[in-house]
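Coordinate inspection notes
For reference, the chains in residue letters:
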Amino acid sequence: MDVPRLESAPLSGSAVQVTAVTVEPFASARLRFRRPTADDAPAIFARWAGDPEVTRYLGWPTHQSADDTRGFVAFSDAEWARVGLGPLLIEDIATSQLCGSTGLMVDGPGSAMVGYVLAREAWGRGIATEALAAMTTLADQHGITHLYAYAHPGHTATHRVLAKGGYELNAVFVPARFPNLDDLAFAHKYLRPPVLALERLTNRDDVEACARIMATSEPWITLQRTFEALVPVVGDVQKEVHLV
């Protein structure tokens, strides 16, 4: 994959300390990635953002008009201004046609969420896999070490793409709302390796303090995980805050 190195400089004056970058349009083997503009709103709405089948498993509502999509572009502009990274459109180099969007949503030092959405005619062509690889490379180039993605449990295509891209299932009980399904579900969280090593809690007071917080918080209340049940788990390096 040919994703060129991008120029970067420190970003100041932001609550999130990351690296500000000047991202020119860049390309992978078949795809070109660039920032969305207001002129793109009608095509974004027509091709995927307003399609209920495309947006079914996504975490944002299906757009009802191009005005909704213009709101997305405004959000994108704000993200780029805030941290120097954000949503990117995916263009098919061969046809110059928009086929979806992707990007990196920075939420802390060295941390970002990756995602994608594709127009129907782009499904089944390996575009999601290629876009995810490009975003992973982009993250590496800008010092993002904690890169993750969420997926609805029923969205099997996305689970396959993430696994193929080398992402590992990290948690299965992440409360999330999927507005197009009117469904409060537990999303699956995937992490891009290397996953930070977990340290076993050896101090009994620390173990009990952590277990007590978990036992009085969601989703552990709903899952009926008691303090007594959580204590032996908290100090186990093979288990995280998700329990199956």
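Refer to the preceding data block for the structure.
What counts, and at which threshold
- Residues numbered from 1 in each chain as written.
- Predicted model: local features only at pLDDT ≥ 70, side-chain atom pairs only at ≥ 80, totals over all residues.
- Heavy atoms only, no water.
- Helix = DSSP H or I, 4+ residues; strand = E, 2+ residues; numbered from the N terminus.
- Buried < 20%, exposed > 50% of the residue type's maximum accessible area, 1.4 Å probe, protein only.
- Contact = heavy atoms within 4.5 Å.
- Areas by Shrake-Rupley, 256 points an atom, 1.4 Å probe, with all protein chains shown as cover.
- Polar contact = N/O pair within 3.5 Å; in protein donor to acceptor, adjacent residues only side chain to side chain.
- Phe/Tyr/Trp six-rings, centres within 6.5 Å; stacked < 30°, edge-to-face > 60°.
- Lys NZ or Arg CZ within 6 Å of the ring centre and 35° of its normal.
- Axes fitted to C-alpha atoms, helices over the stretch in contact; angles between N-to-C directions.
- Parallel < 35°, antiparallel > 145°, perpendicular 65-115°, else oblique.
- Nonpolar A, V, L, I, M, F, W, Y, C, P; charged D, E, K, R; others polar.
- Core = buried A, V, L, I, M, F, W, Y, C linked by side-chain atoms within 4.5 Å.
- Left-handed = near helix turned anticlockwise from the far one by under 90°.
- Salt bridge = Lys/Arg side-chain N within 4 Å of Asp/Glu carboxyl O.

Scanning the protein for helices and strands turns up seven helices and 10 strands. Within the protein, buried positions represent 45% of all 244 residues. In the protein, once contacts between residues fewer than 6 apart in sequence are set aside, the share between residues at least 24 apart is 60%. Of the roughly 12600 Å² that the protein leaves accessible, carbon and sulfur atoms contribute 54%.

Moving on, we get to the side chain of Thr55. Mapping Thr55 onto the fold places it in helix α2 (residues 52-55). At 2.5 Å, the side chain of Thr55 and the side chain of Thr62 are in polar contact. Excluding its chain neighbours within four sequence positions, the residues that come into contact with Thr55 are Trp48, Ala49, Trp60, Thr62 and Asn180.

Two numbers describe a pair of aromatic rings. These are the distance of the centres and the angle of the planes. In total, this model carries two aromatic pairs according to the counting rule given. Lys189 extends its terminal NZ or CZ atom over the ring of Tyr148, reaching a point 4.9 Å from the ring centre.

We now examine the environment of Gly100. Relative to the assigned elements, Gly100 resides in strand β6 (residues 97-108). Residue Gly100 is classed as buried on the basis of its relative accessible area of 0%. With 28 residues separating them along the chain, Gly100 and Ala128 place their C-alpha atoms 9.1 Å apart. In this structure Gly100 touches Trp48, Leu88, Leu89, Ile90, Val117, Leu118 and Ala119, once residues within four positions along its chain are discounted.

On to the packing of helix α1 (residues 41-49) against helix α3 (residues 66-83). Between α1 and α3, whose axes approach to 8 Å, the crossing angle comes to 110 degrees. By the angle between their directions, the pair α1 and α3 is classed as roughly perpendicular. Residue-level contacts link Ala41, Ile44, Phe45 and Ala49 of α1 to Ala66, Thr69, Arg70 and Phe72 of α3. Tallied by class, the residues present in the contact of α1 with α3 amount to six nonpolar, one polar and one charged.

Inspection of the secondary structure assignment puts Ala171 in strand β9 (residues 168-178). Remark: the alpha-carbon pair of Ala171 and Tyr150, spanning 21 residues in sequence, is separated by 9.5 Å.

Let us now look at the nonpolar core. Membership of the largest hydrophobic core comes to 31 residues, with the highest contact counts inside it found for Phe33, Ile90, Leu104, Val114, Met135, Ile144 and Leu147. Broken down by secondary-structure element, the contributors of at least two residues to this core are β4 (31-34), α3, β5 (87-92), β6, β7 (111-118), α4 (127-141), β8 (146-151) and α5 (156-164). The element best represented in this core is α4, accounting for eight residues. Ile90 has contacts with Leu31, Arg32, Phe33, Gln97, Leu98, Cys99, Gly100, Ser101, Thr102, Leu118, Ile127 and Ala131, leaving out every residue within four places of it along the chain. Grouped together as the second largest cluster of nonpolar side chains are nine residues, Ile44, Trp48, Leu58 and Leu89 included.

We now examine the packing of helix α6 (residues 204-215) against helix α7 (residues 227-234). Packing of α6 against α7 brings their axes to within 8 Å, and their N-to-C directions diverge by 130 degrees. Classed by the angle they form, the pair α6 and α7 counts as oblique. In this structure, α6 meets α7 at a crossing whose hand is right-handed. Judged by residue contacts, Arg204, Val207, Glu208, Cys210, Ala211, Arg212, Met214 and Ala215 of α6 engage Phe227, Leu230, Val231 and Val234 from α7.

The next subject is the pattern of salt bridges. Evaluation of the coordinates by the stated rule reveals 11 salt bridges. Of the charged contacts in the structure, one is a salt bridge between Asp77 and Arg35, with a shortest N-O distance of 3.5 Å. Here Arg35 lies in the loop between β4 and α1 and Asp77 lies in helix α3, a separation of 42 residues in the sequence. What makes Asp77 partly exposed here is its relative accessible area of 35%. Since its relative accessible area comes to 35%, Arg35 is described here as partly exposed. Ionic pairing is found between Arg120 and Asp51, a salt bridge with its closest N-O pair at 2.7 Å. You can see Arg120 sitting in the loop between β7 and α4 and its partner Asp51 sitting in the loop between α1 and α2, a full 69 residues away along the chain. One salt-bridge network, in which partners are shared between bridges, spans Arg32, Arg34, Asp40 and Glu91.

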